[in-house]
Amino acid sequence: MAFSVNSVELPNDLWLQYVEQGESSGVPVVLLHGLTDSWRSFERAMPHLPGSIRCFSLTQRGHGDASRPETGYRPFDFSEDVAAFMDAVHLDKAVIAGHSSHSFVAQRFAIDHPERTLSLVLIGAPATLSDKPGLQKMRDSIAKLTDPIDEDFVRRFVESTIARRVPKAFYEAMVEESLKVPARVWRAAFEGILTDDISEERQKIKAPTLIICGDQDGICTLRDQEVLAAEIEHSQLLVYAGTGHTPHWEEPKRFASDIAAFAERLAR
C-alpha cells in the first residue's frame, strides 16, 4: 500500500510529518511511535484499519524527517506537540495511542488534556522504568553514541523488540528510520522518559484505556501491563500470545481489528 506523507508546521516552528487515512467523519485516532521510530512504525497495521477509523500516524520531533530542535524531548514536550498537531488538522478530540516509551507521551496527554482524549491505547507500555534490569546498560550505550549512529547497534536495538519474524523490507525500513535520529536526540529522548516518571499521576487518567501487549515482550513484562490495568480506571488488557514488544509490527491485522473495535465501540 502506498502512503501519502504530509507535513504540517506547528506554532512553535516545528515541522512534523504524518500519514492520514480513513473517512473524514470517522473516529479520529492519533498513533504515536516509540523511541527512534517514525510514522512508519504503523504502516503494517494501517492497511487493515476500516475507513470508519480516521487514522493519523505521526512522526514526532527529532525522529524520521521531522524537525530536530536542540531541546524539548520530554514526554511533556512531545505531548504538547500532539495538542498543537491536533489543532493544525482540526481535531477537537481523538483516541491517543502510544507505543513503548511514547506510551508515556500518550498518558501525559490524557492527564494534561482530558477533554481532548476520547480514549487511550497503550502498546508494549512500561509501568515504570525504575525496575528494568537492563536500563543502566542501555543508558550507558546511548550515552556513548556518536554520529553517524552505528548500524550494528541499531540492528540489535530493533531486533530486541520483536519475537515474531516481520517482513525483511519492513525490518530494514525500521532500521533506516532509527539511523536518521541524531545521537543527541537518542540521548535527550531517553533521558526524558527517565526523568519524567508519571507513575504517581497515573490515577488521574479517566479516559477508557486499552492496553495491548505481547507475552514474549523482553522489555515490558506482563507484570507491567497488570500494574497499568490496576492503576488506570476503565482499562482493558489484551495479551497477544507469542508476540514481543511490537504487537503492531508482529500481528498488524489483529492489532488493527482490536484498536478499531475499541474506538468504534466507544464512539457508539
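Here the structure is shown first, and the text comes after it.
Residues numbered from 1 in each chain as written. Predicted model: local features only at pLDDT ≥ 70, side-chain atom pairs only at ≥ 80, totals over all residues. Heavy atoms only, no water.

A. Focus on the overall build of the chain. Scanning the chain from N- to C-terminus turns up 9 helices and 8 strands. Whereas a compact globule of 268 residues would reach a radius of gyration of roughly 18 Å, the chain reaches 17 Å, a difference of no more than 12%. On the principal axes, the C-alpha backbone points of the chain span a range of 50 × 40 × 35 Å. In the chain, buried positions account for 57% of the 268 residues. Within the chain, counting contacts between residues at least 6 apart in sequence, those at least 24 apart form 76% of the total. (Helix = DSSP H or I, 4+ residues; strand = E, 2+ residues; numbered from the N terminus. Rg over C-alpha atoms; globule rule 2.2 N^0.38 Å. Buried < 20%, exposed > 50% of the residue type's maximum accessible area, 1.4 Å probe, protein only. Contact = heavy atoms within 4.5 Å.)

B. View of the sheet that holds strand β5 (residues 94-99). In space, the 8 strands of this open sheet follow the order β1-β2-β4-β3-β5-β6-β7-β8, with mixed pairing throughout. Of all the strands in the sheet, just β1 (5-9) and β8 (235-240) have a single pairing partner and so form its edges. For this sheet the average axis-to-axis angle between neighbouring strands, irrespective of direction, equals 25 degrees. Pairing of strand β3 (residues 27-32) with strand β4 (residues 53-59) involves 6 bridges; the strand directions are parallel. Bridging across to β4, V30 finds its partner in F56. (Pairing = 2+ DSSP bridges. Axes fitted to C-alpha atoms, helices over the stretch in contact; angles between N-to-C directions.)

C. Spotlight on the side chain of E250. When you line up the elements, E250 lands in helix α8 (residues 247-250). At 4.8 Å, R164 is the nearest oppositely charged side chain to E250, a buried residue that forms no salt bridge. A polar contact is formed between the side chain of E250 and the backbone nitrogen of A163, at a distance of 3.1 Å. Of the polar contacts made by the side chain of E250, one reaches the backbone nitrogen of R164; its length is 2.9 Å. (Lys, Arg positive; Asp, Glu negative; His and termini not counted. Salt bridge = Lys/Arg side-chain N within 4 Å of Asp/Glu carboxyl O. Polar contact = N/O pair within 3.5 Å; in protein donor to acceptor, adjacent residues only side chain to side chain.)

D. Highlighting the pairing of β4. Burial analysis of β4 places 7 of its 7 residues in the buried class, the great majority of the element. Neither face of β4 is left uncovered, since the one carrying I53, C55, S57 and T59 and the one carrying R54, F56 and L58 both have all their residues buried. Strand direction decides the pairing type here: strand β2 (residues 15-21) and β4, joined by 5 bridges, are antiparallel. Bridge pairing in β4 places Q17 opposite T59.

E. Spotlight on helix α6 (residues 183-195). With 13 residues, α6 extends 18 Å from end C-alpha to end C-alpha; this agrees with the ideal 18 Å at 1.5 Å per step. Within the sequence span of α6, burial applies to A183, V185, W186, A189, F190, G192 and I193. On its buried face, α6 sits against α1 (75-88), α2 (103-112), α3 (135-143), α4 (151-159) and α5 (168-179). (Expected span 1.5 Å × (residues − 1).)

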